[in-house]
Amino acid sequence: MKRRTLLLGALAAAIAPARAEPEVIHIEAVKFEFRPAELRLKVGVPVILEFTAPEVAMGFDAPGLKLNTEIPPGKPVRLAFTPDRPGEFEFVCDVFCGSGHEDMGGVIKVLA
């Protein structure tokens, strides 16, 4: 009986779909915009947001998703998360970066 159970377990593991690595989404923070400024994600699907800021220090704040990070110039920063509910969540730069700073933002649309 044990041998049959082991064989069935091994067979199930072999045919089960492999878990995919989280998708890495590259976001560039430049004066005075995020590229891209709109993200479309799915509930329950893990992602990694990878930020770069080639010019000056920037910030990323999406309070509705409880995501926040500083983005130093020339150093990529990664935020891993899994959206847990649908909706539209605004994000902004929360590190003053110049005269266009107040208009720097975007939206994360999480679909069910």
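Rules and cut-offs
Residues numbered from 1 in each chain as written. Predicted model: local features only at pLDDT ≥ 70, side-chain atom pairs only at ≥ 80, totals over all residues. Heavy atoms only, no water. Helix = DSSP H or I, 4+ residues; strand = E, 2+ residues; numbered from the N terminus. Buried < 20%, exposed > 50% of the residue type's maximum accessible area, 1.4 Å probe, protein only. Contact = heavy atoms within 4.5 Å. Pairing = 2+ DSSP bridges. Axes fitted to C-alpha atoms, helices over the stretch in contact; angles between N-to-C directions. Salt bridge = Lys/Arg side-chain N within 4 Å of Asp/Glu carboxyl O. Core = buried A, V, L, I, M, F, W, Y, C linked by side-chain atoms within 4.5 Å.

Peer 1: Teacher, can you tell me more about the overall build of the protein chain here?
Peer 2: When you go through the protein chain residue by residue, the secondary structure sums to 1 helix and 9 strands. In the protein chain, the succession of α and β elements from N to C terminus is α-β-β-β-β-β-β-β-β-β. Counting every position in the protein chain, which comprises 112 residues, the buried fraction comes to 34%. When contacts within the protein chain are restricted to residue pairs at least 6 apart in sequence, those whose partners lie at least 24 apart make up 62%.

Peer 1: Please clarify how the sheet that holds strand S4 (residues 47–52) should be interpreted in this entry.
Peer 2: Backbone hydrogen bonds are what pair the strands of a sheet, in a parallel or an antiparallel way. Across the sheet, which stays open at both edges, the 4 strands sit in the order S2-S1-S4-S7 with mixed pairing between neighbours. The sheet is open, and its two borders are formed by strand S2 (33–35) and strand S7 (77–81), each paired with just one other strand. Strand after strand, the sheet turns through a mean of 25° between neighbouring axes, direction not considered. Taken together, the 3 bridges between strand S1 (residues 23–30) and S2 define a ladder with antiparallel strand orientation. Bridge pairing in S2 places Val30 opposite Glu33.

Peer 1: Quick question: what am I supposed to make of the environment of Phe89 here?
Peer 2: Locating Phe89 in the fold gives a position in strand S8 (residues 87–92). According to the relative accessible area criterion, Phe89 is buried, its value standing at 9%. If we ignore the near neighbours within four places in the chain, the residues touching Phe89 are Gly64, Leu65, Gly106, Val107, Ile108 and Val110.

Peer 1: What is the right way to look at the pattern of salt bridges in this model?
Peer 2: Oppositely charged side chains can pair when the atoms bearing their charge come close. For the structure shown, the criterion picks out 6 salt bridges. With a closest N to O distance of 3.6 Å, Glu38 and Lys109 form a salt bridge. Remark: Lys109 occurs in strand S9 (residues 105–111) and Glu38 occurs in strand S3 (residues 38–42); sequence separation between them is 71 residues. When salt bridges with common partners are traced through the structure, they connect Glu28, Glu33 and Arg35 into a single cluster.

Peer 1: Please explain the nonpolar core as it appears in this structure.
Peer 2: Residues Phe34, Leu49, Met58, Phe60, Leu67 and Ile108 are the most contacted members of the largest nonpolar core, which totals 25 residues. For this core, the secondary structure elements donating two or more residues are S1, S3, S4, strand S5 (58–62), strand S6 (67–71), S7, S8 and S9.

Peer 1: Can you help me understand the pairing of S4 in this one?
Peer 2: Within a regular beta strand, the side chains point alternately toward one face of the sheet and then the other, so they alternate between its two faces. The buried fraction of S4 amounts to 5 of the 6 residues, a majority that puts the element mostly inside the structure. Bridge count between S1 and S4: 6 bridges; the pairing is parallel. Bridging from a neighbouring strand, Glu28 pairs with Thr52 of S4. Across 5 bridges, S4 lies against S7 in antiparallel orientation. Looking at the pairing, Ile48 lines up with Ala80 of S7.

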